[in-house]
Amino acid sequence: MYSSVSDETLFEIARILGGEEGVTIIDIIKNADEITVEEIAEQTEIQINSVRRILYRFYSHSLVTSRRFRDKDTGWFIFQWRLQPKLIDAYVTGMKQKILKKLRSRVQYELDHEFYHCGVPTCPRVTFEDAMDTVFNCPVCGESLKPVDNEAYIDFLEGKIGEIEGELEA
Ligand SMILES: [Zn+2]
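Just so you know, these numbers come straight off a predicted model, no measurement behind them.

Draft legend 1. Region of the structure containing the sheet that holds strand β5 (residues 146–148). Within the open sheet, the 3 strands sit side by side as β4-β3-β5. Their pairing is antiparallel. The open sheet has two free edges, formed respectively by β4 (126–127) and β5, since each of these has just one partner strand.

Here it is, written out as structure tokens:
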């Protein structure tokens with residue numbers, strides 16, 4: 001039904017948007033063709049107002065879609081909810097592209113700067129420019145600053161970038 005999005009990704013998004021209840025609800029919707037708020041509440045034993053609140057959050061993030069029709073007996077409108085397959089793809093892709101952009105600018109920052117650190121784990125790394133200002137003493141603890149090799153960190157970031165680029169091409 002929703003081609004390239006794994007259950008894991010779907011649940012991850014549902015958890016971000018709706019917590020554990022969100023995961024329970026998306027699981028029910030995934031396994032139903034179409035389902036009403038009342039049916040979801042009944043099957044999950046989650047309060048109907050919570051179901052509605054989470055569904056609208058899913059809806060505003062294009063995770064689900066709804067179809068409205070009029071009940072023949074009562075004349076009231078009933079909403080049927082279902083997964084929005086293509087837009088989930090778009091949402092996930094958009095999220096990955098955002099992460100990719102951040103990682104790339106992070107790598108550029110690491111490549112463009114020299115870093116210094118005093119060796120105390122709780123103290124921050126400082127750039128060469130900032131280290132100059134404090135005459136190569138840690139701005140927090142005052143210990144002398146030593147150059148930091150950030151090659152391993154750059155390797156790590158580039159590895160992550162490669163991973164996400166691979167996923168986006170898949
Ligand atoms: Zn320090």
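Read on for the rest.
Draft legend 2. Spotlight on the side chain of E110. Mapped onto the secondary structure, E110 falls in helix α4 (residues 85–112). Beyond its immediate chain neighbours, meaning those up to four positions away, E110 contacts F115, R125, N150, Y153, I154 and L157.

Draft legend 3. Quick look at the domain arrangement of the chain. Each assigned domain of the chain is listed with its residue range as follows: domain 1 (7–83) and domain 2 (97–169). Taken over C-alpha atoms, the centre of domain 1 sits 43 Å from the centre of domain 2.

Draft legend 4. Structural context of the packing of helix α1 (residues 7–31) against helix α2 (residues 37–44). Put simply, α1 and α2 touch, their axes get as near as 10 Å, and they point 115 degrees apart. The chirality of how α1 crosses α2 is right-handed. Contacts between α1 and α2 involve T24, I25, I28 and I29 on the former and, on the latter, I40, Q43 and T44. Residues of the contact of α1 with α2, tallied by class, amount to 4 nonpolar, 3 polar and no charged.

Draft legend 5. Local environment of the environment of G162. Residue placement: G162 occurs in helix α6 (residues 151–169). Note on G162: relative accessible area 37%, which makes it partly exposed. Taking the C-alpha atoms as reference, G162 lies 9.3 Å from L100; in sequence the two are 62 residues apart.

Draft legend 6. Expanded view of the pattern of salt bridges. Tallying each qualifying case throughout the model produces 11 salt bridges. Note that E34 and R67 form a salt bridge whose closest N and O atoms lie 2.8 Å from each other. Of this pair, E34 sits in the loop between α1 and α2 while R67 is found in strand β1 (residues 64–70), placing the two residues 33 residues apart along the sequence. Under the relative-accessibility criterion, R67 is labelled partly exposed at 42%. R52 is the salt-bridge partner of E38, the closest N and O atoms lying 4.0 Å from each other. Pair noted here: E38 is in helix α2 and R52 is in helix α3 (residues 48–60), with a separation of 14 residues, a long-range link. Overall, R52 belongs to the partly exposed group, its relative accessible area being 33%. One salt-bridge network, in which partners are shared between bridges, spans D33, E34, R67 and R82.

Here is what the cut-offs are and how they apply
Every chain is numbered independently, its residues counted from 1 as its sequence is written. Totals for whole chains, interfaces and linings use all residues, but because this is a predicted model, local features are given only for residues with pLDDT of at least 70 and pairs of side-chain atoms are given and counted only at 80 or more. Each side-chain value is derived from all of the structure's non-hydrogen atoms; neither hydrogens nor water enter the calculation. Any two strands with at least two DSSP-identified bridges between them are counted as paired. Helical segments are the DSSP runs of H or I of at least four residues, strand segments are the runs of E of at least two, and each set is numbered from the N terminus. We call two residues in contact whenever any of their non-hydrogen atoms come within 4.5 Å of each other. In this entry, domain limits derive from an automatic or database-based domain assignment. Only the contacting stretch of a helix is used when fitting its axis, a line to C-alpha atoms as for every element, and angles between N-to-C directions run 0 to 180 degrees. Crossings are classed by handedness, with left-handed meaning an anticlockwise turn of the near helix from the far one by less than a right angle and right-handed meaning a clockwise turn. Polar here means any residue outside two lists: the nonpolar Ala, Val, Leu, Ile, Met, Phe, Trp, Tyr, Cys and Pro, and the charged Asp, Glu, Lys and Arg; Gly therefore counts as polar. Type-normalised accessible area, obtained with a 1.4 Å probe on protein chains alone, sets the label of each residue: buried when under 20%, exposed when over 50%, and partly exposed for intermediate values. Any Lys or Arg side-chain nitrogen found within 4 Å of a carboxyl oxygen on Asp or Glu counts as a salt bridge.

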